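Take a look at the letters that make up each chain.
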Amino acid sequence: MAETTLHPDAIRDLVEGRHGDPFAALGPHSTPSGQVVRTLLPGARSVEVVTRGGARALEKIHPAGLFEGPLAEQPYLLRIDWDGVIQETEDPYAFPPLLGEMDIYLLAEGTHQDIGRCLGAHPMTLEGVRGVRFALWAPNARRVSVVGDFNGWDGRRHPMRHRIEAGIWEIFVPRVMPGAVYKFELLDPNGSMLPLKADPVAWQAEPAPATGSVVADTAGIRRPKPLVAPGDPATRPMSVYEVHAASWMRGEGNAPLSWEDLGDRLIPYVKGMGFTHVEFLPIMVHPFGGSWGYQPLGQFAPQAAFGPPEHFARLVERFHEAGIGVILDWVPAHFPSDAHGLARFDGTALYEHADPREGFHHDWNTYIYNLGRREVRNFLLGSALHWLEHYGVDALRVDAVASMLYRDYSRPHDQWVPNIHGGRENLESISFLQELSRVIAQRCPGKLLIAEESTAFPGVTRKADEGGLGFDFKWNMGWMHDSLHYMEEDPVYRQYHHGSMTFGLVYAFSERFMLPLSHDEVVHGKGSLIGKMPGDDWQKFANLRAYLSFMWTHPGKKLLFMGGEIAQWREWSHDRSLDWHLLDEPRHAGLQRLVRDLNQLYASTPALHALDTDPAGFRWVVLDDAQNSIFAFLRQGPEGTPPALVVVNMTPVTRSGYRLGVPFAGGWREVFNSDAAIYGGANNGNGGMVHAAAEPSHGLDASMALELPGLSTLVLVPTES
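From a predicted model like this one, the values you see are computed outputs, not experimental measurements. (Residues numbered from 1 in each chain as written. Predicted model: local features only at pLDDT ≥ 70, side-chain atom pairs only at ≥ 80, totals over all residues. Heavy atoms only, no water.)

## Quick word on a nonpolar patch on the surface
Which entries qualify depends on this criterion: For patch detection, residues must exceed 30% relative accessible area and be free of salt bridges, and they are connected within 9 Å for like charges or within 5 Å for nonpolar side chains (Val, Leu, Ile, Met, Phe, Trp, Tyr). Calculation of accessible area relied on Shrake-Rupley with a 1.4 Å probe; when residues are assessed, cover is drawn exclusively from the protein chains displayed. By salt bridge we mean one thing: a side-chain nitrogen of Lys or Arg within 4 Å of a carboxyl oxygen of Asp or Glu. Segments assigned H or I by DSSP are reported as helices when at least four residues long, segments assigned E as strands when at least two residues long, and all are numbered from the N terminus. Each residue's exposure class comes from its accessible area (1.4 Å probe, protein chains only) as a fraction of the maximum for that residue type: buried when under 20%, exposed when over 50%, partly exposed otherwise.
Residues Val 492, Tyr 493 and Tyr 496 make up a contiguous nonpolar surface patch of roughly 370 Å² in combined accessible area. Tracing the backbone shows Tyr 496 in the loop between helix 10 (477–488) and helix 11 (499–502). By relative accessible area, which is 61% here, Tyr 496 ends up exposed.

In structure tokens, the structure reads:
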């Protein structure tokens with residue numbers, strides 16, 4: 001072998017793939033005898049260095065494929081003979097440090113708000129050479145290499161430069177193009193090889209069950225045009241259709257629809273049904289479809305089965321063009337334990353807590369993000385901003401907030417660690433959520449944060465600067481549980497559970513609420529919404545019509561999981577399409593029409609939405625008629641807009657001549673009746689119009705006598721006169 005000035009220990013570490021500073025040994029270097037170039041190319045028969053002055057063979061200084069030779073000038077190419085196949089390429093080790101000093105400073109500080117553009121894999125042209133910049137946070141790794149089809153998955157080929165001040169590893173690999181599959185090969189602090197790791201900040205991934213990351217054309221993903229929605233969201237109608245992208249509708253062979261095909265079908269459906277928003281269960285890369293996306297590993301990449309990321313961006317834009325907002329479920333609470341993922345990423349508890357009493361969810365077999373670590377917070381903040389800014393989504397619904405807020409969440413008394421004050425509140429998570437809301441308000445004005453939070457934690461929707469968490473809306477889980485429990489009761493027993501329907505108004509204005517009938521209520525043996533309703537089939541449909549109508553007229557924004565609007569009998573399954581054939585039956589089509597008409601009524605009636613979060617927008621008329629299971633209330637809008645009277649009869653008995661107080665005498669138009677024949681009802685009611693006389697009742701100046709169909713909800717508004 002030829003002589004070299006490279007130390008034998010450095011040679012050994014290079015050929016064994018253990019060198020932690022490859023740029024100190026490979027590439028162009030000055031020696032006492034002049035400029036030399038070194039390259040490690042295991043399996044190469046020979047290597048030449050090619051400059052403007054010609055080509056010159058490099059000498060093999062180690063049989064494992066380490067070459068060295070004089071370098072007359074720069075720039076240069078390496079001409080490699082792979083056993084008869086000739087490759088010419090630039091030398092990755094000839095390029096200077098890639099990330100700027102400000103990027104490194106902000107990454108180290110944990111305040112870089114665009115790490116999706118900084119870390120991961122990004123095609124670019126550097127010094128006139130096309131290729132890909134790879135960058136990874138792994139501060140405790142002894143060595144990191146990028147591996148892929150472009151280097152035979154050999155970790156000795158492309159060990160990365162360590163920017164030790166921020167724990168970042170980086171390299172520019174020439175001539176790699178978008179579409180290349182890659183992972184990272186890491187040695188832990190003890191020098192042991194870890195399982196190959198997917199890129200935590202990859203913009204694209206292989207379709208499952210493959211686990212590789214994919215170089216995306218990150219510069220080519222066009223940011224969707226924003227949806228213009230002026231004013232306070234609390235005063236606007238907000239009716240959300242919750243969708244699992246893989247099972248809303250299936251294609252041939254039960255295959256999920258692509259983003260493009262889904263847009264062709266879903267957008268006109270949501271628009272036609274009158275929903276203002278669509279909410280997707282997590283579409284971030286997740287290894288197990290049965291998690292529905294709630295155990296994601298790729299916090300920056302859309303699930304690959306539906307198409308490339310630019311197609312998802314276009315889907316968001318198409319929704320915006322139709323006037324529909326897009327909400328994504330987002331999971332910053334925990335992540336799965338898959339070996340190729342974030343778990344013990346560099347051989348240490350990097351993203352998770354080291355102590356399992358803080359860092360492991362036994363319920364879900366997942367790790368808990370260590371939100372006390374600034375780089376982990378930065379990673380998650382970067383993910384949130386990535387979806388809101390680069391993909392233009394309009395809101396994030398943060399999953400499992402309750403599990404984040406309490407250190408003893410779902411834990412035995414001796415299996416949790418108190419906070420620094422000895423309490424159960426997770427101060428680090430609270431601080432993170434407050435920071436998240438502040439950053440989004442600053443960077444993405446008009447974008448919303450919605451909390452799935454099931455406890456009585458105070459101030460979820462209070463501004464962070466006022467001591468709250470800073471969410472815009474909170475799911476009202478209490479209303480959902482209480483009202484569903486009431487509806488499951490046989491009507492004859494509902495009089496004993498009357499408070500389940502009225503209690504929600506005790507706290508309805510303590511937060512800015514959204515009323516959810518979500519996917520969680522139609523899985524794990526809970527059955528479907530229509531299946532929860534008591535009675536024969538006619539009564540089941542009448543109950544569901546009355547219940548959905550009560551929900552749409554109750555204070556709070558609305559959310560309905562797909563399938564609820566067609567009264568699907570079967571419990572939802574992520575492995576099959578909704579039962580769209582049911583719409584061939586009039587009663588199912590009638591319920592779908594009811595939901596569509598409720599959306600139209602809700603959006604066009606300020607009294608039903610403008611003061612959703614203001615107690616001035618609600619007044620009980622009949623609160624205490626438990627014996628007849630009747631509820632009546634007034635919804636009121638801004639000054640100058642008419643009120644709406646809502647009357648709910650939750651027994652199958654028609655009540656005739658039922659007198660109710662109203663604010664003023666005159667004509668009141670029956671604008672909605674859930675018992676109408678077009679919805680599958682018996683068509684009982686008030687013929688579309690009722691006259692209120694100046695006879696005080698229920699503390700109001702006028703009153704009228706109504707016909708209340710069994711199992712129905714009515715809505716009446718005063719006529720113009």
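## Considering the sheet that holds strand 30 (residues 630–635)
What counts is decided by this rule: Note: two strands are recorded as paired if DSSP finds a minimum of 2 bridges between them. Helix axes use the C-alpha atoms of the stretch in contact, all axes being lines fitted to C-alpha atoms, and the angles between their N-to-C directions lie in the range 0 to 180 degrees. Contacts are residue-level and defined by heavy atoms, with any inter-residue pair within 4.5 Å sufficient.
Strand order across the open sheet formed by six strands is 29-30-31-36-33-34, with antiparallel pairing between neighbours. Strands with a single pairing partner mark the edges of an open sheet, and in this sheet they are strand 29 (618–625) and strand 34 (689–692). Across this sheet, the average inter-strand angle for adjacent strands is 25°, counted without regard to direction. When strand 33 (residues 666–673) meets strand 36 (residues 712–718), the two strands line up antiparallel, connected through five bridges. The residue bridging Glu 670 from the neighbouring strand is Leu 716, located in strand 36. Of the strands in this sheet, strand 30, strand 31 (644–649), strand 33 and strand 36 touch helix 13 (residues 537–553), which is tilted by about 40° from strand 36.

## Overview of the nonpolar core
Applied cut-off: In these notes, a set of buried Ala, Val, Leu, Ile, Met, Phe, Trp, Tyr and Cys residues joined through side-chain atoms within 4.5 Å is what counts as a nonpolar core.
Judged by nonpolar contacts, the single largest core of 185 residues is most densely connected at Phe 134, Tyr 241, Phe 280 and Leu 548. Setting aside chain neighbours within four positions, we find Leu 548 in contact with Leu 517, Leu 560, Leu 591, Leu 594, Val 595 and Leu 598. By size, the runner-up hydrophobic cluster in this structure holds 20 residues, among which are Trp 668, Ala 692, Met 704 and Leu 716.

## What about the side chain of Gln 204?
Turning to its location among the elements, Gln 204 is positioned in the loop between strand 14 (181–187) and strand 15 (213–214). Discounting chain neighbours no more than four positions away, the residues touching Gln 204 are Ser 213, Val 214, Val 215, Ala 216, Ala 301, Pro 308 and Pro 309.

## Digging into the pattern of salt bridges
For the structure on display, the rule yields 42 salt bridges. One salt bridge in this structure joins Arg 38 and Glu 68, with 2.7 Å as the shortest N-O distance. One end of the pair, Arg 38, is in strand 2 (residues 34–40); the other, Glu 68, is in strand 6 (residues 66–70), and 30 residues separate them in sequence. What makes Arg 38 buried here is its relative accessible area of 4%. Classification of Glu 68 as buried rests on a relative accessible area of 9%. Connected via shared salt-bridge partners are Glu 279, Asp 329, Arg 397, Asp 399 and Glu 452.

## What to know about the environment of Leu 433
Among the secondary structure elements, Leu 433 is positioned in helix 9 (residues 427–443). Given the relative accessible area of 1%, Leu 433 is considered buried. In the structure, Leu 433 is positioned 56 residues away from Arg 377 in sequence and 9.7 Å away in space, judged by C-alpha atoms. Those residues in contact with Leu 433 that sit more than four places away from it in its chain are Val 401, Met 404, Leu 405, Leu 469 and Phe 471.

## Some words on unusual backbone geometry
Between Gln 74 and the following residue, Pro 75, the backbone shows a cis peptide bond with an omega angle of 0°. Mapped onto the fold, Pro 75 is located in the loop between strand 6 and strand 7 (77–82). Here the bond from Ala 208 into Pro 209 is cis, since omega is 10°, no more than 30 degrees from zero. The residue Pro 209 is located in the loop between strand 14 and strand 15 in this model. In the Ramachandran plot, Glu 127 falls in the positive-phi region, its phi being about 50° despite a non-glycine side chain. Assignment of secondary structure puts Glu 127 in the loop between strand 9 (120–126) and strand 10 (129–137). Look at Glu 127 and you get exposed, because its relative accessible area is 57%. With a phi angle near 60°, Trp 292 is a residue other than glycine that sits in the positive phi range. Within the secondary structure layout, Trp 292 lies in the loop between strand 18 (284–285) and strand 19 (298–302). Its relative accessible area of 10% is what places Trp 292 among the buried residues.

## Description of the packing of aromatic side chains
Counted only if it meets this: Pairing of aromatic side chains requires ring centres within 6.5 Å, counting the rings of Phe and Tyr and the six-membered ring of Trp. Pairs whose planes differ by under 30 degrees are stacked, by over 60 edge-to-face, and all others tilted.
Going through the model one piece at a time under the given rule, you end up with 41 aromatic pairs. Taking the centre distance of 4.9 Å and the plane angle of 70° together, the rings of Phe 95 and Phe 172 count as edge-to-face. With a gap of 77 residues between them, Phe 95 in the loop between strand 8 (85–89) and helix 2 (101–109) and Phe 172 in strand 13 (residues 168–174) connect regions that are remote in the sequence. An angle of 90° between the planes, with centres 5.1 Å apart, marks the rings of Phe 618 and Trp 620 as edge-to-face. The class for Phe 618 is buried, based on a relative accessible area of 12%.

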